[in-house]
Amino acid sequence: MNSIINGKKVYFIFFVLLPLWLLLYLSLQPLTEYIIALIPGLGTGGRLAGAVSFFIFEAPKVLLLLTLIVFVVGIVRSYFSPDKTRRLLGGKKLFTGNVMAGLLGIVTPFCSCSAIPLFLGFVEGGVPLGVTFSFLISAPMINEVALVLLLGLFGWQTALLYIVTGLIIAISAGYVIGRLKLEKYVEPWVYEIKSGDSSFGEIELSFEQRVEYGITAVKDIVSKVWVYILLGIAVGAGIHGYVPENFMAGLMGKSAWWSVPAAVLLGVPLYSNAAGVIPIVSVLIEKGASLGTVLAFMMSVIGLSFPEAVILKKVLKIQLILIFVGVVAAGIIIVGYIFNLIY
């Protein structure tokens, strides 16, 4: 009976909810214009009208994209449990392992609170230190929330650009850390842990169960980030409506050579998720900030999570944490300068 209910739910999602999602998404622009016209005294050409229009259009667009992509990624992630990821990476050599770890980091569930269990599991499973760091860099930096916001606010080209550069940073930083042979800076007790093999008894899920996994991912993730998304878009709407064009060019433009390292130095100690920072940086570009500088700031905020560094202090010595932050920050700065040269 349970499989019948799940089967009906699958058909309802794909043949009712998905077409309704598409219809609503395609109707956002005319709906925004209609709502703006209904607000008395707002008009269409003023700063307030621009800010309100930006918020009314972008908020539902981003939330709709978030819901769909989190659902799809949730289904994909049901094929990649942390234990399966550990086994795939176990014993892999540098570079090959770094590439695999970077790619698996995109689809493996991760949050700062899971950094230590994953780190311990990878080390116990024979995953090299550099490969482990490629995963720990990729997983938080390239996530579905960042992908959705970049896709909705910048377009698919910038979203793809972010994924590729994020992978390059994760792979190269992990490779460098691996070549430096920094195992001595891991707390000694980490290598003394021996856990049992958890690979046995892994249950093969049906497609209906994987769809349920996607629904659960939507409930968990969207419920946690929607407030940050609305706050970020609200700040972005204010900048959109009231900050003059090219205002940011002198501070974060190509002509300010110091803007990229300054953006990274500012972003490293900050802590925000993609939901809070991306809607703001999209408007900074609109106001004259260069793409490379903005990407560098965004990557440093999202990819170098301060809570994750604090948590990892329990398993890593401070020297390795500083090297980790320094190598990743250097990679982000290089990417920022490259994109400022290209774009």
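Residues numbered from 1 in each chain as written. Predicted model: local features only at pLDDT ≥ 70, side-chain atom pairs only at ≥ 80, totals over all residues. Heavy atoms only, no water.

Engineer: I keep staring at the side chain of Glu-58 and nothing clicks. Help me out?
Structural biologist: Note that Glu-58 resides in helix α3 (residues 47-77). If we skip the residues at most four places from it in the chain, Glu-58 touches Gly-152, Leu-153 and Ile-233. (Helix = DSSP H or I, 4+ residues; strand = E, 2+ residues; numbered from the N terminus. Contact = heavy atoms within 4.5 Å.)

Engineer: Where do I start with helix α2 (residues 28-38) in this structure?
Structural biologist: Residue pairs three or four apart in sequence face the same way in an α-helix, which turns once every 3.6 residues. Within the span of α2, buried status applies to Leu-28, Thr-32 and Ile-36. Down the axis of α2, the buried side of the element spans an arc of 70 degrees, and every buried residue falls inside it. Exposed positions of α2 whose direction lies more than 90 degrees from the buried face are Tyr-34, Ala-37 and Leu-38. (Buried < 20%, exposed > 50% of the residue type's maximum accessible area, 1.4 Å probe, protein only. Arc of directions from axis to C-beta.)

Engineer: What exactly am I supposed to notice about the layout of surface pockets here?
Structural biologist: Gaps left between atoms show up when a probe the size of a water molecule is rolled over them. Looking at the second largest pocket, its volume works out to about 360 Å³. Within the residue set of the lining of the second largest pocket, elements represented by two or more residues are α1 (2-26), α3 and α10 (207-242). In terms of residue class, the lining of the second largest pocket is built from 13 nonpolar, one polar and no charged. (1 Å grid on protein atoms, 1.4 Å probe; cavity = no way out; pocket = protein on both sides within 12 Å on 5 of 7 lines; lining within 4 Å. Points joined across faces, edges and corners; volume = space filled by probe spheres on them. Nonpolar A, V, L, I, M, F, W, Y, C, P; charged D, E, K, R; others polar.)

Engineer: Even after reading the chapter, I still don't get the environment of Val-123, so can you show me in this structure?
Structural biologist: Of note, Val-123 is situated in helix α6 (residues 115-124). Classification of Val-123 by relative accessible area gives buried; the value is 14%. The spacing of Val-123 and Tyr-191 is 68 residues in sequence and 7.3 Å in space, taken between C-alpha atoms. Setting aside its immediate chain neighbours within four residues, Val-123 contacts Val-190 and Tyr-191.

Engineer: Please clarify how the environment of Met-141 should be interpreted in this entry.
Structural biologist: With respect to the helices and strands, the residue Met-141 is situated in helix α7 (residues 129-141). Linking Met-141 and Ala-170, residues 29 residues apart in sequence, is a C-alpha distance of 8.9 Å. Sequence-distant contacts of Met-141, that is, excluding residues within four places in its chain, are made with Ala-146, Tyr-162, Gly-166, Met-299, Ile-302, Gly-303 and Ile-332.

Engineer: It is not clear to me how a nonpolar patch on the surface should be interpreted in this structure. Could you clarify?
Structural biologist: There is a patch of nonpolar side chains on the surface, built from Tyr-11, Phe-12, Phe-14, Phe-15, Val-16, Leu-17, Leu-18, Leu-20, Leu-23, Tyr-79 and Phe-207 and spanning about 1100 Å² of accessible area. At nine residues, the largest contribution of residues to the nonpolar patch is made by α1. Within the secondary structure, Phe-12 is located in helix α1. (Patch = residues over 30% accessible without salt bridge, like charges linked within 9 Å, V, L, I, M, F, W, Y side chains within 5 Å. Areas by Shrake-Rupley, 256 points an atom, 1.4 Å probe, with all protein chains shown as cover. Salt bridge = Lys/Arg side-chain N within 4 Å of Asp/Glu carboxyl O.)

Engineer: For this particular structure, what's the right way to read the nonpolar core?
Structural biologist: Among soluble globular proteins, nonpolar side chains are generally buried collectively. Ranked by internal contacts, the top residues of the largest apolar core, which has 96 residues, are Phe-119, Tyr-162, Ile-278, Met-298, Leu-316 and Ile-332. When residues in this core are grouped by element, the largest group, 13 residues, is from α3. Once you skip the residues sitting within four places of it in the chain, Tyr-162 turns out to touch Met-141, Ala-146, Leu-150, Leu-295, Met-298, Met-299 and Ile-302. (Core = buried A, V, L, I, M, F, W, Y, C linked by side-chain atoms within 4.5 Å.)

Engineer: Help me out: how do you make sense of the confidence of the model for the chain in this one?
Structural biologist: Close inspection of predicted coordinates is inappropriate in any region flagged by low pLDDT. Looking at the chain as a whole, the pLDDT averages 79, with 84% of positions reaching at least 70. Confidence, expressed as mean pLDDT per element, reaches its minimum in the chain at helix α11 (residues 249-252) with 68 and its maximum at α2 with 88. Note that residues 1-5 has pLDDT below 50 and, in this model, zero contacts with residues that lie over four places away or in other chains. Confidence drops under pLDDT 50 across residues 195-201; counting only partners more than four residues distant or on other chains, this segment forms six contacts. (pLDDT = per-residue confidence, 0-100.)

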